[in-house]
Amino acid sequence: MLLRAVTSDFGPALARHESQLELRVAAGGVEAEVDPERVAQILRILIDNALAHTPPGTDMVVTAGRQDGRVRLAVRDFGEGIKRQAVERLFEPFYTAGDNQGSGLGLAIARELADRMDGRLSVEAVAGRTTFTLELPA
Ligand SMILES: Nc1ncnc2c1ncn2[C@@H]1O[C@H](COP(=O)(O)OP(=O)(O)OP(=O)(O)O)[C@@H](O)[C@H]1O
Ligand SMILES: [Mg+2]
């Protein structure tokens, strides 16, 4: 299963960060006609961010389910959150916020991939909790 394969690839990185990743899949599993490689890449970008931009020991939860006839995947972490001014710009190419920055391309690529699948990638961040949600037509 796609989600399990992607998350288990992060085992060593999660251990280094002393983070636990909990996977919650809706009862009965979530089957969908999606491009598995694109979905996997988006998930990798989001999990990589939840590791790169949170303090060590920050846990995360990956959920999969269906809502209103759409598939919904979410990556939530319990890091410090993201400032409101930054949230508005996160998906711009080369935009970074905070001090532990990369090249700022991950989320721009993830959104582009979501768009190509007629999906939607959004973020909700409050202090202590950041959630990226990918919704896909199914
Ligand atoms: N889960 C998160 N918690 C806190 N900040 C985040 C999180 N995800 C992304 N960010 C912020 O959003 C910025 C943009 O993310 P993005 O993935 O596009 O770039 P990056 O991680 O800096 O670099 P790259 O992914 O290209 O290596 C990051 O620099 C970081 O400041
Ligand atoms: Mg990134």
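Residues numbered from 1 in each chain as written. Chains lettered and ligands numbered in written order. Predicted model: local features only at pLDDT ≥ 70, side-chain atom pairs only at ≥ 80, totals over all residues.

Visitor: Whenever I open this one, the overall build of the protein confuses me. Can you help?
Guide: Along the protein, the regular secondary structure elements total five helices and five strands. The linear arrangement of helices and strands in the protein, starting from the amino end, is α-α-β-α-β-β-α-α-β-β. Taking 14 Å as the expected radius of gyration for a compact globule of 138 residues, we find that the protein reaches 14 Å, a close match to that expectation. Dimensions of the protein, computed from the C-alpha atoms along their principal axes, are close to 40 × 30 × 25 Å. Taking all contacts inside the protein whose residues are at least 6 apart in sequence as the whole, residues at least 24 apart take part in 64%. (Helix = DSSP H or I, 4+ residues; strand = E, 2+ residues; numbered from the N terminus. Rg over C-alpha atoms; globule rule 2.2 N^0.38 Å. Contact = placed C-beta atoms within 7 Å.)

Visitor: Before we go on, may I ask you to explain the nonpolar core in this structure?
Guide: Note on soluble globular proteins: their nonpolar side chains tend to be buried together. In this structure, Ile42, Leu43, Leu46, Ile47, Val75 and Ala110 are the most contacted members of the largest nonpolar core, which totals 25 residues. Going through the elements one at a time, helix 3 (36-52), strand 2 (60-67), strand 3 (70-77), helix 5 (106-116) and strand 5 (129-137) are the ones with two or more residues in this core. If one sorts the elements of this core by residue count, helix 3 sits on top with eight residues. Once residues lying within four places of it in the same chain are set aside, the contact partners of isoleucine 47 are Phe10 and Val75. (Core = buried A, V, L, I, M, F, W, Y, C linked by C-beta atoms within 7 Å. Buried ≥ 20, exposed ≤ 12 C-beta atoms within 10 Å, placed from the backbone.)

Visitor: Help me out: how do you make sense of the sheet that holds strand 4 (residues 120-126) in this one?
Guide: The pairing of strands in a sheet happens through backbone hydrogen bonds and is either parallel or antiparallel. Across the sheet, which stays open at both edges, the five strands sit in the order 1-2-3-5-4 with mixed pairing between neighbours. Two strands bound the open sheet, and with one partner strand each, they are strand 1 (21-25) and strand 4. Neighbouring strand axes in the sheet, compared pairwise and without regard to direction, differ in orientation by 15 degrees on average. The sheet strands contacting helix 1 (residues 2-9) are strand 1 and strand 2, and the helix crosses strand 1 at an angle near 180 degrees. (Pairing = 2+ DSSP bridges. Axes fitted to C-alpha atoms, helices over the stretch in contact; angles between N-to-C directions.)

Visitor: Would you explain the site of ligand 1 in this entry?
Guide: Inspection of the region around ligand 1 gives 23 residues, with Asn49, Thr96, Gly102, Gly106 and Leu107 positioned closest. Contributing elements (two or more residues each) for the shell around ligand 1: helix 3 and helix 5. Here the shell around ligand 1 takes four residues from helix 3, the largest share from any one element. Broken down by class, the residue content of the shell around ligand 1 amounts to 10 nonpolar, 12 polar and one charged. (Near = placed C-beta within 6 Å. Nonpolar A, V, L, I, M, F, W, Y, C, P; charged D, E, K, R; others polar.)

Visitor: Help me out: how do you make sense of the pairing of strand 3 in this one?
Guide: For a regular strand, side-chain orientation follows a simple rule: the groups alternate between the two sheet faces. Sheet analysis places strand 2 next to strand 3, joined by eight bridges and oriented antiparallel. Bridging across to strand 3, glycine 65 finds its partner in arginine 72. Where strand 2 folds back onto strand 3 in an antiparallel hairpin, the turn is made up of two residues, including aspartate 68, whose phi is positive at roughly 50 degrees.

Visitor: Sorry if this is basic, but what is going on with the environment of threonine 7 here?
Guide: Examined against the element boundaries, threonine 7 turns out to sit in helix 1. The buried category is assigned to threonine 7, around which 20 C-beta atoms lie within 10 Å. In the structure, threonine 7 is positioned 15 residues away from glutamate 22 in sequence and 9.2 Å away in space, judged by C-alpha atoms.

Visitor: Sorry if this is basic, but what is going on with the packing of helix 3 against helix 5 here?
Guide: How two helices sit against one another is set out by the angle between their axes and by the gap between those axes. Their axes nearest at 9 Å, the elements helix 3 and helix 5 cross at an angle of 150 degrees. Classified by the angle between their axes, helix 3 and helix 5 sit roughly antiparallel to one another. Between helix 3 and helix 5 lies a crossing of left-handed hand. Seen from helix 3, the contacting residues are Arg38, Gln41, Ile42, Ile45, Leu46, Asp48 and Asn49; seen from helix 5, they are Gly106, Leu107, Ile109, Ala110, Leu113 and Ala114. A per-class count over the contact of helix 3 with helix 5 returns eight nonpolar, three polar and two charged. (Parallel < 35°, antiparallel > 145°, perpendicular 65-115°, else oblique. Left-handed = near helix turned anticlockwise from the far one by under 90°.)

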